[in-house]
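Residue-level structural notes
The residues making up each chain are set out below.
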Amino acid sequence: MSKPERDHVSRRGILAGAAAVAGAGVAGAIGAVPAQAAGSAQAAGSPQEAVPGRLGPVTIRPGDPRYDNLLRGNNFRFVGRPDEVRVVGSTDQVVKAVSDAVRSGRRVAVRSGGHCFENFTADPAVRMLLDLSPMDAVGYDAGRRAFVVQPGATLGQVYRTLLKGWGVTVPAGGCPEVGAGGHFAGGGYGPLSRRYGSVVDHLYGVEVVVVDPGGTARAVVATREPDDPNHDLWWAHTGGGGGNFGVVTKYWLRSPDATDGEPSRLLPAAPTDMLECLVIWQWDDAMTEQAFTTLLRNFGTWHERNSAPGSPNAGLYALLMPAHRTAGQFQLVVQTDVGIPNVNDLVTDLVCAVSAGTGLTPVLNERRTMPWMHATTFPGLGEPGDVISRRYKIKAGYLRRSFTDAQLSAIYRNLTNSAGNSNCGMLMIGYGGQVRAVAPGATAVAQRDVVMKAVYQSVWYDEADDADNLAWVRDFYRDVYAATGGVPVPNEVSDGSYINYADADLADPAWNTSGVPWSTLYYKDNYPRLRQVKARWDPRDVFRHALAVEPPA
């Protein structure tokens, strides 16, 4: 593959991952998956369950030929050197592994899909890496009247299994290789979220391996039932982020308005077909600063006007992806369910609204219809070119309205400077809609009055290019938020950031000079409650990382 081809493939891959932004066949996918009783535990040293065909437990240490193959997540910038990688295949095996780590005083970190943007699992302090990838079952739990998803299942597996078995889906991310484990806990979203809300708006329960004050690990089930004594643990996993309170070993999904017992009506119906519209503009003489900023402003204004819950346009999911000028072009993508009334007219109106007053003529404006499953499970990441380019830095911010004129000028300035390259750029991602129908305190996702997410990124090939690429994206981000200390402080325009787009710079006073702590940027007024959950369920602070919820002082 030539370098230009690699550039194209890698850009598409990382854009898809960020917009979602992120295996083996499903084991026992169709059928009931038994639920473990609340509060159950396995004593350290007791026999491990043995299920034919299930991998684990396996302990892999330095010197084992398999060791180096298991150290990297999706971002190749980060490589840990733990004492061991413990590959587990069941809740009991997780309990045993966590017990071993606590008893030996070793720091433990958990990985399911490996799409963390920071070094949470590759921190040098981590001595046991717990690999949950074999725990990938997806099915229906008749006892809980909910669908159950294990954390190692990829989003592609979840989509395929729910569609094949019951014709339903969840409004999760657009990258099929992202693991459900971290995506769900952080409040995952995707192409159907404007229509159906966040994934956690459909989360009924979780099974979590926690550690009590005495150091005993046990598995606990927590649900959204108001009278559940473990309700606070469920709430913390509706956007509180992974690696904070324990190890999630099961998620149960059922929409809150589902009332009957028919599985095919317990989650949103999967679309039959998806319509995708692709519009491409050239970076040429016509793309003046005025034309460029008008385009971006129009995109934001459309979302301000069309992101109320129940809006006729809430079914449209749009991404504007301004790349650095050296890329030569950038694009707008609109995805939507073909079954929405007048869908073609709605898409045309959106494209016209974004283009209005720019004087720009796109070099491509086409649309096609394809089966929803084809559009949703296209690999995206993992293609040959992407293997080379998995060094990246992602930064993000929520938007309550369109960028200010000063911010739009900053975006143009950074996307046309000499420091950037063809793999640098940003995304403006449509959000809002049904997401805004949920109160900020009902889940741990506090940013409900928002209409877009912005992602700033640099992607590169070689370790030798780390410093230049990190500097570019950090300077870009700081320039856009110069009026608020270099970060998206909640105000009339911005609303903090998204924990699944983890960015340790927000906790660094060198890059966050706002005086507003990282915890407020991610969690706003929900952070004190998350700290109380931390105190109850992880009193020994076993589960921690660079942006972990802190125990109360």
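Heads up: these notes are all about the structure in this document.

What counts, and at which threshold
Along each chain, numbering runs from 1 in the same order as the chain's sequence is written. Under the rules for a predicted model, residues below a pLDDT of 70 receive no local features and side-chain atom pairs below 80 are neither given nor counted, while totals for whole chains, interfaces and linings still include all residues. Values reported for side chains reflect all heavy atoms of the structure, with hydrogen atoms and water molecules removed beforehand. Numbered from the N terminus, helices here are DSSP runs of H or I no shorter than four residues, and strands are runs of E no shorter than two. The buried label goes to any residue with under 20% of its type's maximum accessible area, the exposed label to any with over 50%, and the partly exposed label to all in between, with areas taken from a 1.4 Å probe on protein chains only. Here, Shrake-Rupley sampling with a 1.4 Å probe gives the accessible areas, and only protein chains in the shown set may cover a residue. In this analysis, strands are considered paired if DSSP registers two or more bridges between them. Note on definitions: angles span 0 to 180 degrees between N-to-C directions of axes, and those axes are lines fitted to C-alpha atoms, for helices only across the stretch in contact. Residues belong to one nonpolar core when they are buried, are Ala, Val, Leu, Ile, Met, Phe, Trp, Tyr or Cys, and are joined through side-chain atoms within 4.5 Å. Any two residues whose heavy atoms approach within 4.5 Å are treated as being in contact. Roughly parallel covers angles under 35 degrees, roughly antiparallel covers those over 145, roughly perpendicular covers 65 to 115, and oblique covers all other angles. Each residue receives one of three labels: charged for Asp, Glu, Lys and Arg, nonpolar for Ala, Val, Leu, Ile, Met, Phe, Trp, Tyr, Cys and Pro, and polar for the others, Gly being one of them. Classification of ring pairs uses Phe, Tyr and Trp, with its six-membered ring standing for Trp, and accepts pairs whose centres are within 6.5 Å; under 30 degrees between planes counts as stacked, over 60 as edge-to-face, and the remaining range as tilted. Placement of a charge over a ring requires the Lys NZ or Arg CZ to be within 6 Å of the ring centre, with the centre-to-atom vector within 35 degrees of the ring normal. Here the expected length of a helix is defined as 1.5 Å per residue gap, with one fewer gap than residues. Throughout, the arc means that of the directions going from the helix axis to the C-beta atoms. For this analysis, a polar contact is any N or O atom pair within 3.5 Å, provided that within protein one partner can donate a hydrogen and the other can accept it, and provided that sequence-adjacent residues contribute only side-chain to side-chain pairs. Here, a salt bridge means any Lys or Arg side-chain nitrogen found within 4 Å of an Asp or Glu carboxyl oxygen.

**A short note on the overall build of the protein chain**
Helix and strand counts for the protein chain come out as 14 helices and 16 strands. Within the span of the protein chain, comprising 553 residues, buried residues form 60% of the whole. Accessible area of the protein chain: about 19900 Å², with a carbon and sulfur share of 51%.

**Quick notes on the sheet that holds strand S4 (residues 126-131)**
Taken together, the four strands give an open sheet; going across it, the order is S1-S2-S4-S3, and neighbouring strands pair in mixed fashion. Of all the strands in the sheet, just strand S1 (58-60) and strand S3 (107-111) have a single pairing partner and so form its edges. Along the sheet, successive strands turn relative to each other by an average axial angle of 25°, direction set aside. Inspection of the sheet shows S3 paired to S4 by five bridges, in the parallel sense.

**Topic: the nonpolar core**
Trp 281, Leu 332, Phe 403, Ile 411 and Tyr 456 are the most contacted members of the largest nonpolar core, which totals 108 residues. Ignoring anything within four residues of it in the chain, the contact list for Phe 403 reads Leu 408, Ile 411, Met 426, Met 428, Ala 454, Tyr 456, Val 480, Tyr 481 and Val 493. Core analysis: the next-biggest nonpolar cluster, separate from the first, contains 21 residues, Leu 278, Leu 319, Tyr 392 and Tyr 431 among them.

**Some remarks on the sheet that holds strand S8 (residues 217-223)**
By way of backbone hydrogen bonds, the strands of a sheet pair with one another, either parallel or antiparallel. Taken in spatial order, the five strands make up an open sheet running S5-S6-S9-S7-S8, and their pairing is antiparallel. Of all the strands in the sheet, just strand S5 (138-141) and S8 have a single pairing partner and so form its edges. Across this sheet, the average inter-strand angle for adjacent strands is 25°, counted without regard to direction. Against the sheet, helix H2 (residues 91-104) makes contact with strand S7 (203-211), S8 and strand S9 (247-253), and its axis sits at roughly 35° relative to S7, the strand it touches most. Sitting on the sheet, helix H3 (residues 155-166) touches S5 and strand S6 (146-149), and the angle it makes with S5 is about 45°.

**Structural notes on the packing of helix H7 (residues 289-305) against helix H8 (residues 343-355)**
Angle between the axes and distance between the axes are the two parameters that describe a pair of packed helices. At a closest axis distance of 7 Å, the pairing of H7 and H8 adopts a crossing angle of 135°. Regarding the angle of H7 to H8, the classification is oblique. Side by side, H7 and H8 meet where Leu 295, Asn 298, Phe 299 and Trp 302 of the first sit next to Leu 350, Ala 353, Val 354 and Ser 355 of the second. Residues belonging to the contact of H7 with H8 are distributed by class as follows: six nonpolar, two polar and no charged.

**Side note on the packing of aromatic side chains**
Counted according to the given criterion, the structure contains 28 aromatic pairs. On the numbers, 6.4 Å between centres and 55° between planes, the contact of Tyr 522 with Tyr 523 is tilted. Under the relative-accessibility criterion, Tyr 523 is labelled buried at 1%. Among the aromatic residues, those joined into a ring-pair cluster are Phe 117, Tyr 189, Tyr 392, Tyr 398, Tyr 431, Tyr 498 and Tyr 501. Seen from the ring of Tyr 431, Lys 453 lies directly overhead, with NZ or CZ sitting 4.5 Å from the centre.

**Looking at the environment of Glu 304**
Topologically, Glu 304 is positioned in helix H7. Taking the relative accessible area as the measure of exposure, Glu 304 reaches 35% and is therefore partly exposed. With near-sequence residues (within four places) excluded, Glu 304 lies in contact with Arg 401, Ser 402 and Val 451.

**Regarding helix H12 (residues 466-480)**
With 15 residues, H12 ought to run about 21 Å at 1.5 Å a step, and its terminal C-alpha atoms sit 22 Å apart, in line with that. Of the residues making up H12, those classed as buried are Asp 466, Asn 469, Leu 470, Trp 472, Val 473, Phe 476, Tyr 477 and Val 480. Along the long axis of H12, the arc covered by the buried residues comes to 160°, so they all point the same way. In H12, the exposed residues that point more than 90 degrees away from the buried face are Ala 467 and Asp 468. Among the structural elements, strand S14 (391-399), helix H11 (405-415), strand S15 (424-430) and strand S16 (452-460) are those in contact with the buried residues of H12.

**A few points about the side chain of Thr 238**
Mapped onto the secondary structure, Thr 238 falls in the loop between helix H6 (231-236) and S9. Polar contacts involving the side chain of Thr 238 include one to the main-chain carbonyl oxygen of Trp 235, which spans 2.5 Å. Residues within four places of Thr 238 in sequence aside, it is in contact with Ala 185, Val 200, Leu 203, Thr 443, Ala 444 and Val 445.

**Quick word on the pattern of salt bridges**
Across all of its chains, the model carries 31 salt bridges by this definition. As a salt-bridge pair, Asp 503 and Lys 393 come within 2.9 Å of each other at their nearest N and O atoms. Here the residue Asp 503 occupies a position in the loop between H12 and helix H13 (518-523), and Lys 393 occupies one in strand S14, the gap between them amounting to 110 residues. A salt bridge links Asp 475 to Arg 478; its shortest N-O distance comes to 3.4 Å.

**Observations regarding the pairing of strand S2 (residues 84-87)**
The two faces of the sheet receive side chains in turn, since in a regular strand these alternate between them. Neither face of S2 is open: one carries Glu 84 and Arg 86, the other Val 85 and Val 87, and all of them are buried. In this sheet, S2 lies alongside S1 in antiparallel orientation, the contact comprising three bridges. Paired with Ile 60 across the bridge in S2 is Val 85. Inspection of the sheet shows S2 paired to S4 by four bridges, in the parallel sense. The residue of S4 that forms the bridge with Glu 84 is Met 128.

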